[in-house]
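Each chain is listed here by its residues.
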Amino acid sequence: MNHLLIAPIVLPALVAPFIIMTLRFHIDLQRIFSIASNVLLVAIALALAVQAADGTVQVYELGDWQAPFGIVLVLDRLSAMMVLLTTLLALAVNLYAVGSNWDARGQNFHPLYQFQLMGIIGAFLTGDAFNLFVFFEVLLIASYGLMIHAGGTRRFQAGVQYVVYNLLGSTLFLFALGTIYSVTGTLNMADLALRVAELPVEDSALIRVGAVMLLLVFAIKASLLPLHFWLPASYAHAPAPVAALFAIMTKVGAYAILRMFTLVFGPDVAVVSGLVGDWLLPAALLTVAVGAIGVLGAREIGRLMSFGAITSVGTLLTAIALFTPEATAAALYYTVHSTLAAAALFLVADMVRERQGGAISARPVMAQSGLISVLFFVAAIATAGMPPLSGFLGKLLILDAARTSALSVWIWAVILASSLVTIMGFARAGTLIFWKSHGLSTDDTQTTPEGDADAAPSEEDQNAAPVTPRPAALPFVALFALLAGLVALTVFAGPMSRYTTATAQDLFAPQAYIETVLANRDRPVTDAPYETTAEHKADDHSADSHGDDTATEESH
Amino acid sequence: MEFLVASAVGLLTAAGIYLILRRRTFPVILGTSLLSYAVNVFLFATGRLVTNAPPILNKYADVPYTDPLPQALVLTAIVISFGMTAVVVMVALGAYLSAKDDRINMDDTPATPGEDA
């Protein structure tokens, strides 16, 4: 077994308590350890991505329990890509949090951040449905702490909504898992795939209920309409670095939909046929439309960005809902793009808010107005899907893949119209914030404590800054890194879309995944002290699979 | 017994859903607790209801046994929902104490520059 598979989960799980227990009062040391852990995570994720790039599926059996009985971690192209994306995003956001001093405005930012990473990476790597629930809870409970980081009345109120909504989602997740377990007798995803395929079609009521409840849970996470109500308030009021990191959280929901509804409840599984795609596609299109309208109507910059994020999630889910390899490849490309773009938007929004407040209206000219307006412009172009950047390519790929769909006219109309509305929304906001302010009289220029104009570095300084970061430069470095990621995604669109195409083909031909995970299912227990017989294990595996769930999960 | 357990789950769920639709945080938190009780009982029942049987296989004789996995799942779910309830109580308390108001909806006037953004 390749122990590197569990390293990205174990590392933050060790660093977080270490920071809490020994470095509570040393913010500088916390920053060093947190960023060092984050850099290591990027290295591990790179190594994993290289290993998975040729399409091999690797399985890590926790506690050496073979697959349907124990929990497994599975590394394939999709999970490797998502883990790498998470770690890169987290590194940039972590640098921003340190540079903008957000992490020092409350207690325990860095430990919670590490736990959050552990939960997200675990959710991407696990091959077990109940373990997916546990990692969802890990990432959620860390996100509750991060959401209300630095306090404040509005943030607490938004936090209550966020926590309650997600508690309901977790409850629904358990109901779904219980229903599925009662029908199939297993929760291992590969084993579920085999068993669901064998279920008789005339006796499919329970499994259909379970599948729909599971879809609802993931739709809540992905903020699909009409389950998106938690997102605008939460993201608008969360601390900016946290909102930027949350850009990957909606993708966790999208990833889970993609994984479960290709592997287990795939498009050609008879018992759940006509269940998912038919509902998901109209809902995703509505999400795109409502997000675009929200962008146009937003009066506060955090909300503007939140609805921008909803639009991009809607576009992503539209592509996923087509459930064809081409559309899924496009969706994966768009996932990377929209994660980086949404994070960049939230960070730009924070820079504006730090300097002149959150309202979208003409205010006195802020410090570094020119630089920030350029960053806003680039991030807005990327989000809206205008030509030079990867958003355009992503949308183009999705539209191209949608040509074969029965609803292709609707998909084209909604995505193109919403792109236009999004551009108008961002243009309106940018004009009000950056241009109208020049028309105001400048005698009442106010600068907030953070917006120190004299520390404004020139553009050359920021590009050279990673060596010796000055306090005011580091946020820009983080933001430039995210935008550089978008540019790289555009320049290397060819290799990237080859990778996503290969990933999508793997997803729609899951035999290799299933066989690798279940390769050891009949392996006899060799070193048991008693004579555990191989024939005994073979005939009872449906009843006592996953016996070690609690043992592993309680250690989290 | 099946009827009893099923109606208990149904009743708890119904009461929980009614409560989470209330406007103040305290009933909402009670509602989420009731829902988590409902789901715990439900999870317990997914292994089928068996009385007076150990959760252990017996390879020497064909005696009845109960499925141990749902019990393990319930244990995990109880721990998690307990922790989550504690978190939501603290967050709600923080919101109540700083806003002097425990309604769960919020008004959305844009933040001002002086406020912690």
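Residues numbered from 1 in each chain as written. Chains lettered and ligands numbered in written order. Predicted model: local features only at pLDDT ≥ 70, side-chain atom pairs only at ≥ 80, totals over all residues.

Participant: Can you lay out the overall build of chain B for me, pointing to particular residues and giving the numbers?
Facilitator: Secondary structure assignment for chain B yields three helices and zero strands. Computed over its C-alpha atoms, the radius of gyration of chain B comes to 21 Å, more than 25% above the 13 Å expected for a compact globule of 117 residues. Over its C-alpha atoms, taken along the principal directions, chain B stretches across nearly 75 × 30 × 20 Å. Within chain B, the proportion of its 117 residues that are buried is 32%. Long-range contacts, defined here as pairs at least 24 residues apart, represent 55% of the contacts in chain B between residues at least 6 apart. (Helix = DSSP H or I, 4+ residues; strand = E, 2+ residues; numbered from the N terminus. Rg over C-alpha atoms; globule rule 2.2 N^0.38 Å. Buried ≥ 20, exposed ≤ 12 C-beta atoms within 10 Å, placed from the backbone. Contact = placed C-beta atoms within 7 Å.)

Participant: Describe the overall build of chain A, listing the residues and the values that go with them.
Facilitator: Across its full length, chain A carries 23 helices and two strands. Sorting the 556 residues of chain A into buried and exposed places 60% on the buried side. Of the contacts formed within chain A by residues at least 6 apart in sequence, a portion of 80% connects residues at least 24 apart.

Participant: Can you explain the UniProt feature "transmembrane region" (unreviewed entry) in chain B? Please cite residues and give values.
Facilitator: Residues and elements named next belong to chain B. When the UniProt feature table is mapped to this numbering, "transmembrane region" (unreviewed entry) covers residues 6–21, 28–51 and 71–97. Spanning residues 6–21, this segment combines 94% helix with 0% strand, and its end C-alpha atoms are found 23 Å apart. Note that residues 28–51 is 75% helix and 0% strand, and that its end C-alpha atoms are spaced 35 Å apart. (UniProt positions renumbered as here; feature names shortened; annotations may be inferred.)

Participant: Describe the UniProt feature "domain: NADH:quinone oxidoreductase/Mrp antiporter transmembrane" (unreviewed entry) in chain A, and please don't skip the residues or the numbers.
Facilitator: Feature annotation in UniProt places "domain: NADH:quinone oxidoreductase/Mrp antiporter transmembrane" (unreviewed entry) on residues 128–417 of chain A, given in this structure's numbering. This span, residues 128–417 of chain A, is 77% helix and 0% strand, and a straight line between its end C-alpha atoms measures 40 Å.

Participant: Please set out the environment of B:Ile17 residue by residue, giving values where relevant.
Facilitator: Of note, B:Ile17 is situated in helix α1 (residues 2–20). The spatial distance from the C-alpha of B:Ile17 to the C-alpha of B:Val28 is 8.9 Å, given a sequence separation of eleven residues.

Participant: Now, about the packing of helix α8 (residues 205–222) of chain A against helix α10 (residues 240–263) of chain A: what can you tell me, with residues and values included?
Facilitator: Residues and elements named next belong to chain A. Their axes nearest at 7 Å, the elements α8 and α10 cross at an angle of 155°. Relative to α10, α8 is oriented roughly antiparallel. Crossing of α8 over α10 shows left-handed handedness. Only Met-249, Thr-250, Val-252, Gly-253, Ala-254, Ala-256, Ile-257 and Met-260 of α10 make contact with α8, whose side of the interface consists of Leu-214, Leu-215, Phe-218, Ala-219, Lys-221 and Ala-222. Taken together, the residues that form the contact of α8 with α10 break down as eleven nonpolar, two polar and one charged. (Axes fitted to C-alpha atoms, helices over the stretch in contact; angles between N-to-C directions. Parallel < 35°, antiparallel > 145°, perpendicular 65-115°, else oblique. Left-handed = near helix turned anticlockwise from the far one by under 90°. Nonpolar A, V, L, I, M, F, W, Y, C, P; charged D, E, K, R; others polar.)

Participant: Let's hear about α8(A): which residues, and what values?
Facilitator: Residues and elements named next belong to chain A. Between its first and last C-alpha atoms α8 spans 26 Å; for 18 residues at 1.5 Å apiece the expected length is 26 Å, and the two agree. Residues of α8 that are buried sit in contact with α6 (153–184), α7 (189–198), α10 and α12 (301–321). Once α8 ends, the next one or two residues include Ser-223, with phi positive near 55°. (Expected span 1.5 Å × (residues − 1).)

Participant: Quick rundown of the packing of helix α2 (residues 25–45) of chain B against helix α3 (residues 68–99) of chain B? Include the residues and the values.
Facilitator: Residues and elements named next belong to chain B. Closest axis-to-axis distance for the α2/α3 pair is 9 Å, and the angle between their directions is 175°. Looking at the two axes, α2 sits roughly antiparallel to α3. Each of Thr-25, Ile-29, Thr-32, Ser-33, Ser-36, Val-39, Asn-40, Leu-43 and Phe-44 in α2 lies in contact with α3, whose residues at this interface are Pro-70, Gln-71, Leu-73, Val-74, Ala-77, Ile-78, Ser-81, Thr-85, Val-88, Val-89, Ala-92 and Tyr-96. By residue class, the composition of the contact of α2 with α3 is 13 nonpolar, eight polar and no charged.

Participant: Explain the environment of B:Thr85 to me, using residue names and the numbers behind them.
Facilitator: Residues and elements named next belong to chain B. Its location among the elements puts Thr-85 in helix α3. Among the residues examined, Thr-85 registers 17 C-beta atoms within 10 Å and is labelled partly exposed. Apart from the residues lying within four places of it in its own chain, the contact partners of Thr-85 are Ile-29, Thr-32 and Ser-33.

Participant: Give a detailed account of unusual backbone geometry, specifying residues and quantitative values.
Facilitator: Glycine aside, negative phi is the norm for most residues, and most peptide bonds take the trans geometry. All names here are of chain A. In this model, Leu-225 is joined to Pro-226 through a cis peptide bond whose omega is 0°. Examined against the element boundaries, Pro-226 turns out to sit in the loop between α8 and α9 (230–237). Notably, Ser-223 is not glycine yet its phi reads approximately 55°, a positive angle. Inspection of the secondary structure puts Ser-223 in the loop between α8 and α9. The phi dihedral of Phe-323 falls on the positive side, at around 50°, and the residue is not glycine. Looking at the secondary structure, you find Phe-323 in the loop between α12 and α13 (325–356).

Participant: An account of the environment of A:Gly308 is needed here, citing residue identities and associated values.
Facilitator: All names here are of chain A. With respect to the element layout, Gly-308 can be found in helix α12. Gly-308 gets classed as buried once you count the C-beta atoms within 10 Å, which come to 30. Put simply, Gly-308 and Gln-58 are 250 residues apart on the chain and 36 Å apart in space, counted from C-alpha to C-alpha.

Participant: Which residues make up the pairing of strand β2 (residues 72–75) of chain A, and what values go with them?
Facilitator: Residue and element names in this part refer to chain A. Along β2, one buried face is formed by Val-72 and Val-74 and the opposite face, lined by Leu-73 and Leu-75, is buried too. Pairing of strand β1 (residues 58–61) with β2, which is carried by four bridges, proceeds in the antiparallel orientation. Opposite Tyr-60, over in β2, you have Leu-73 as the bridge partner. (Pairing = 2+ DSSP bridges.)

Participant: Before we move on, could you go through the confidence of the model for chain B and cite the residues and values that matter?
Facilitator: Residue and element names in this part refer to chain B. Of the residues in chain B, 91% reach a pLDDT of 70 or more, and the chain-wide mean stands at 85. Within chain B, the element-level pLDDT minimum falls on α3, averaging 90, and the maximum on α1, averaging 94. The low-confidence segment residues 110–117, where pLDDT is below 50, has 20 contacts with residues more than four positions distant or belonging to other chains. Taken together, the chains of this predicted complex give a pTM of 0.87 and an interface ipTM of 0.90. (pLDDT = per-residue confidence, 0-100.)

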